[in-house]
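Single-letter residue listing:
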Amino acid sequence: MHEGSWGISHTRVPTESRPGHVALIAGFYEDVSAVAKGWKENPVEFDSLLNESKYTWGWGSPDILSMFAKDVSGDHVFIHTYDADDEDFGAHDVTKLDTWVFDNVKEFFRAARNNQSLFSKLNEEKIVFFLHLLGIDTNGHAHRPSSREYKDNIKIVDAGIKEIVSMFKHFYGNDGKTAFVFTADHGMTDWGVHGAGHPSETLTPFVTWGAGIKYPQNVSTQQFEDAFLKEWKLENWKRQDINQADIAPLMASLIGVPFPLNSVGILPLDYLNNTDLFKAESIFANAIQILEQFKVKMTQKKEVTLSFLFTPFKLLSESKQHNILRKARSYIKQRKYDEAKPSRLLQYSFVAIGVLVAFFLLIQAYPWTYYIYCLLPVPIWYAVLREFQVIQDLVASLLSCPPSHFVGYLLVSTLGIEVLVLSFFYRYMLTAGLIAFAGWPFITQLWTRAKRTSLNWIFFSLLLAVFPLMPVVGRKPDISLVMTAGLLVLLLSLFVVASLTKRKDSFVNEELPLHLLQMLSMVLSMYVVYSTDNSLLKKQGLPLINQIISWIILASSFVLPLLSPPILFERLFSILLSLMSTYILLSRGYEALFPLVLSCLMFAWIHMEQETLQQSGVSCKQKVNSIQFIYNTDLTQLRQLCLDDIRRAFFLVFFLVTAFFGTGNIASVNSFDVTSVYCFLTVFSPFIMGALMMWKILIPFVLVMCAFEAVQLTTQLSSKGLFLMVLVISDIMALHFFFLVRDYGSWLDIGTRSFQKLFRGLDFCTTKSFYPNPRKS
């Protein structure tokens, strides 16, 4: 009522002394395998508050204290115990187990005044005094909790605690830097036993006061299922129940030491009398500490489980971990400490909106297509508002710029989006954009910092700019260009193999066979293309062996990259080799060169982005050549969005449009050259032919997306933040396209307008927009 905070601590079975103390001091609950050791000790080593402290002194039972002093790191835990024979249930007076502790503590502090070394240790920070009082438990077993002996023992402990608290304050000169925590390891039934799960065994008192603890809080009403508040006449004093394992992180927070490594306790913030920043940082550290345990446990489980039987916990996937911690860190930086705590209000609100919309459509008896149109915005806006902090950070960055810079950014952004829109109608706008990209190193002064990388970027940007100028419909086959593309890929492969052989000692034995196999696949693709073309010119049909080889190469292109090392550069190059082998088989002319040039530009982009990041002052932990696709980014160090990330998002959209429209218009069926699938089949089969031609279109898209993932890794930014900006750019483009969809004209005209809508990825086109109106065609 005067100094501290209180509540009921909820323990778990078995309600025994050792598991209870492990939960209190180490923060985790009992492993059932401890029954094999008779509950005498924990079956595994564990970290504890005492181990994390600077110094700990303990007095009490040898069974409990020796357990925490057994495996501590360093010589900093000092225990004082009575003889085990003193724990006698038949003794005349077992209150001596408690008075022994009080007397020895008082004698210890008296002696410390004459011992300079001990006195210095006692005045250090981050120290713990552990008083283990066993008398009440022993009297409860021997005489039952309702006995006079039990109640007298309570009075002795109560008076002893009062005296010890007074002594502590006097010894430390009332400096107000000591926190007191009073609780129990378990309860007891009326008949004097414990170990099971009855409330009288699992409910224990928790009272704490002193430094860092909130003062008593007066409340008008409290809702609890039990009647303790009324019995104890504490209805108007705030009760804050906690789990027993939560006490360990609370004590660690009070003295400023790391949370015990194995703790699963959640820091009870309502007990702390500290700043909001301290609470937010503490609960954030608590979350990371528990998350690391989850990751270790998942790895251990995965190692001993057959791969097809192992199912990851989807609610804590790596991307979800990413998002939770990134948003919490962002809120803390923005001083929005309450938001850094998890809340489901937004989620429930959007579920309610979705239900209301569906109910409205149901009573109006609308067709199912209306449900798609009306309900699709609900999850999209939910995703946007979940990332509202990302948008807010970006807007804040823009507003912090000088007005002239802000206007310049706005004009450049508007011009870039207009170029993207116009590229759907005039492919040469892609050429203009790529030429503008070539000047990027000069604008950002990357030319002086990384000339070699800048030269690569400029050369391949200008080279790629040639492709949108090439004809689309009515192209004549030119197998020599296909052969040239294959030879260039082989030459590039030889260069990469030679480079890796010099750089990695293990390359020849471990990775060279895979590279040779992929190079052989490229040679076979070239042979099949050349042989099939000759055979068809002679009207001899598609050779069976060529057809078999083509399908084998296509199937292997999905598998071989997965066998390559996860190192970023090597994995990307393996993907390029496999996809190029398939693309060669599907090519009939200059388009065979397109993925090769595009990939070279993507490699240059990855290196340029890392150089840009270093120039802006963000440290890059790894070189591009050593980053791995399985590289586990430090989730707590993910940086916030900056203006440069708008450019990265724009680059992605531009390269995707270039990948689609660089060599052909995919919006119309008459843009496809059916002869491109002749290495696989010549007998008319619309579904197989259509699937093969669609895969040919998607190959450049896959190359761009793999490169973008690499950029996200090298720039240390959450992919969701970048994709959110891509979504914004796509929505702005969609404002133009909504007014351009038509249902009349040629297949090419209709398809172009329809594809503009499909490209957004967020809208659906009606069947009407795909087919010409018979009255108007």
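The structure we're discussing is the one just above.
Residues numbered from 1 in each chain as written. Predicted model: local features only at pLDDT ≥ 70, side-chain atom pairs only at ≥ 80, totals over all residues. Heavy atoms only, no water.

A. Region of the structure containing the sheet that holds strand 5 (residues 179-183). Strand order in the open sheet formed by four strands is 5-6-1-7, and the pairing between neighbours is mixed. The strands lining the two open edges of the sheet, one partner per strand, are strand 5 and strand 7 (242-243). Bridge analysis of strand 5 against strand 6 (residues 203-210) gives five bridges, and the strand direction is antiparallel. Each residue of the ladder has a partner; that of Phe 180, found in strand 6, is Trp 209. Helix 10 (residues 247-255) contacts strand 1 (5-10), strand 5, strand 6 and strand 7 of the sheet and is inclined by roughly 165° relative to strand 5. (Pairing = 2+ DSSP bridges. Helix = DSSP H or I, 4+ residues; strand = E, 2+ residues; numbered from the N terminus. Contact = heavy atoms within 4.5 Å. Axes fitted to C-alpha atoms, helices over the stretch in contact; angles between N-to-C directions.)

B. Just helix 4 (residues 96-112), in detail. Between the first and last C-alpha of helix 4 there are 24 Å, a value that for 17 residues agrees with the 24 Å anticipated at 1.5 Å per step. What helix 4 keeps buried is the set Leu 97, Asp 98, Val 101, Phe 102, Val 105, Lys 106, Phe 108, Phe 109 and Ala 112. Buried-residue contacts for helix 4 involve strand 2 (55-60), helix 5 (116-122), strand 4 (127-131), helix 6 (135-143) and helix 7 (148-171). (Expected span 1.5 Å × (residues − 1). Buried < 20%, exposed > 50% of the residue type's maximum accessible area, 1.4 Å probe, protein only.)

C. Seen up close, the packing of aromatic side chains. According to the stated counting rule, one finds 51 aromatic pairs in the structure shown. Ring centres of Phe 424 and Phe 661 lie 5.2 Å apart, and the angle between their planes is 70°; on these two criteria the pair is classed as edge-to-face. With Phe 424 in the loop between helix 17 (403-423) and helix 18 (428-438) and Phe 661 in helix 28 (residues 643-661), the pair connects residues that are 237 residues apart, well separated along the chain. A single burial state applies to Phe 424 and to Phe 661, both of which are buried. For the pair Trp 605 and Phe 651, a centre-to-centre distance of 6.2 Å together with 50° between the ring planes defines the contact as tilted. Here Phe 651 lies in helix 28 and Trp 605 lies in helix 27 (residues 594-615), a separation of 46 residues in the sequence. Considered together, Trp 605 and Phe 651 belong to a single accessibility category, that of buried residues. The lysine or arginine in question, Arg 12, covers the ring of Tyr 29, its NZ or CZ lying 3.9 Å from the ring centre. A cation sits over an aromatic face here: Lys 696 above Tyr 583, 5.9 Å from the ring centre. (Phe/Tyr/Trp six-rings, centres within 6.5 Å; stacked < 30°, edge-to-face > 60°. Lys NZ or Arg CZ within 6 Å of the ring centre and 35° of its normal.)

D. Representation of the packing of helix 17 against helix 28 within the structure. Relative orientation of the contacting elements helix 17 and helix 28 amounts to 10°, with a least axis distance of 10 Å. In terms of orientation, helix 17 lies roughly parallel with respect to helix 28. Residues Tyr 409, Gly 416, Ile 417, Val 419, Leu 420 and Ser 423 of helix 17 touch helix 28, and the partners they reach there are Leu 643, Phe 650, Val 653, Phe 654 and Val 657. Among the residues forming the contact of helix 17 with helix 28, the class breakdown is nine nonpolar, two polar and no charged. (Parallel < 35°, antiparallel > 145°, perpendicular 65-115°, else oblique. Nonpolar A, V, L, I, M, F, W, Y, C, P; charged D, E, K, R; others polar.)

E. Region of interest: the sheet that holds strand 4. One open sheet holds the three strands; their spatial order is 3-2-4, and the pairing between them is parallel. Strands with a single pairing partner mark the edges of an open sheet, and in this sheet they are strand 3 (77-81) and strand 4. For this sheet the average axis-to-axis angle between neighbouring strands, irrespective of direction, equals 10°. Lying on the sheet, helix 3 (residues 62-69) is in contact with strand 2, strand 3 and strand 4; it crosses strand 3 at an angle near 165°.

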